[in-house]
Amino acid sequence: MSEKLYTVGKIVNTHGIRGELKIVPQTDFADERFAPGSKLVFVDPNSSATLPVTVESAREHKTMFIIRFRGFGNINEVEKYKGWLLKVEEKYLSELPEGEFYYHEIVGCTVVTEEGETLGEITEILSPGANDVWVVKRPKGKPLLLPYIDDVILDVDVEGKKVTARLMEGLLDL
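Residues numbered from 1 in each chain as written. Predicted model: local features only at pLDDT ≥ 70, side-chain atom pairs only at ≥ 80, totals over all residues. Heavy atoms only, no water.

### So, the pattern of salt bridges
What counts here: Here a salt bridge means any side-chain nitrogen of Lys or Arg lying within 4 Å of a carboxyl oxygen belonging to Asp or Glu. Labels follow the DSSP assignment, with helices taken as runs of H or I lasting at least four residues and strands as runs of E lasting at least two, numbered in each case from the N terminus. Burial here depends on accessible area, computed with a 1.4 Å probe over protein chains only, as a share of the maximum for the residue type. Under 20% is buried, over 50% is exposed, and the range in between is partly exposed.
Throughout the structure, instances matching the rule amount to 5 salt bridges. Close ionic contact of E114 with R166 constitutes a salt bridge, the shortest N to O distance being 3.2 Å. A residue pair is termed long-range when its members are at least 10 positions apart, and E114 in the loop between strand 7 (110-113) and strand 8 (118-126) and R166 in the segment after strand 12 (162-165) qualify at 52 residues. Look at R166 and you get partly exposed, because its relative accessible area is 36%.

### Details of the sheet that holds strand 10 (residues 144-147)
Note the cut-off: In short, DSSP must find at least two bridges between two strands for them to pair. For helices, the axis comes from a line fit to the C-alpha atoms of the stretch in contact; other axes are also lines fit to C-alpha atoms, and the angle between any two N-to-C directions lies between 0 and 180 degrees.
An order of 10-9-8-7-12-11 is seen for the 6 strands of this open sheet, with the pairing classed as mixed. If you trace the sheet from one side to the other, it starts and ends with strand 10 and strand 11 (153-157), each paired once. Recorded for the sheet is a direction-independent mean angle of 35 degrees between the axes of neighbouring strands. As paired strands, strand 11 and strand 12 are joined by 4 bridges and run antiparallel to one another. Across the sheet, residue V156 finds its bridge partner in strand 12, namely V163.

### Topic: the pairing of strand 8
Put simply, side chains in a regular strand alternate between the two faces of the sheet. Pairing geometry for strand 7 and strand 8, over 3 bridges, is antiparallel. Opposite V111, over in strand 8, you have G120 as the bridge partner. In this antiparallel pair of consecutive strands, strand 7 and strand 8, the connection spans 4 residues, and G116 shows a positive phi of 95 degrees.

### Quick word on the sheet that holds strand 6 (residues 85-89)
Here we have 6 strands rolled up into a closed barrel, ordered 1-2-5-4-3-6, and antiparallel in their pairing. Shown here is a sheet whose adjacent strand axes are inclined to one another by a mean of 50 degrees, direction ignored. Pairing of strand 4 (residues 50-61) with strand 5 (residues 64-69) involves 6 bridges; the strand directions are antiparallel. Along strand 5, the bridge assignment pairs R59 with I66.

### What about the pairing of strand 12?
In this structure, strand 7 lies alongside strand 12, joined through 4 bridges in parallel fashion. Within strand 12, the residue paired with V112 across the bridge is T164. The antiparallel hairpin formed by strand 11 and strand 12 contains 4 residues in its connecting segment, where K161 sits at a positive phi of about 55 degrees.

### Description of the environment of M64
Convention followed: Contacts are assigned to residue pairs with any non-hydrogen atoms lying within 4.5 Å of each other.
With respect to the secondary-structure elements, M64 resides in strand 5. Between the C-alpha atoms of M64 and V12, which are 52 residues apart in sequence, the distance is 9.4 Å. Among all residues touching M64, those that are not within four sequence positions of it are V12, K22, I23, V24, P25 and R59.

Here it is in structure tokens:
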């Protein structure tokens, strides 16, 4: 498989006996990613084995999605995929509107202040409520939590893997 793959979820368990899987989403676009007909790929994190799959049906359940994939009709056929990752091929990523980004474009970016001081690297994205929060791993001390709002995130350079941020009072606990 020559296409680049991007993680959109993790298979955490089976659901019922009819071959459905519980998926923890790791994407901003879960409704689009898990829509019936979506082409995804199961990836074994240990061996990197891959298996192309197509979503047959999906429904939201608490913080997860319950998904049935085409061609799997019972629990015995899907049990072995627990712990595998669910990925999407790059060709299925859609163009995003201005100011919206995929997780894989943001994670790994270096964060600098307006003054050019390097704060650290974005390691994960949290979605606690009204806006996402970008977690910045710092060389020393606790991680910095940056709310993804216009007052704080001034510029995102996806190509250069660089985010310019304005630190508002109280954001930086040294």
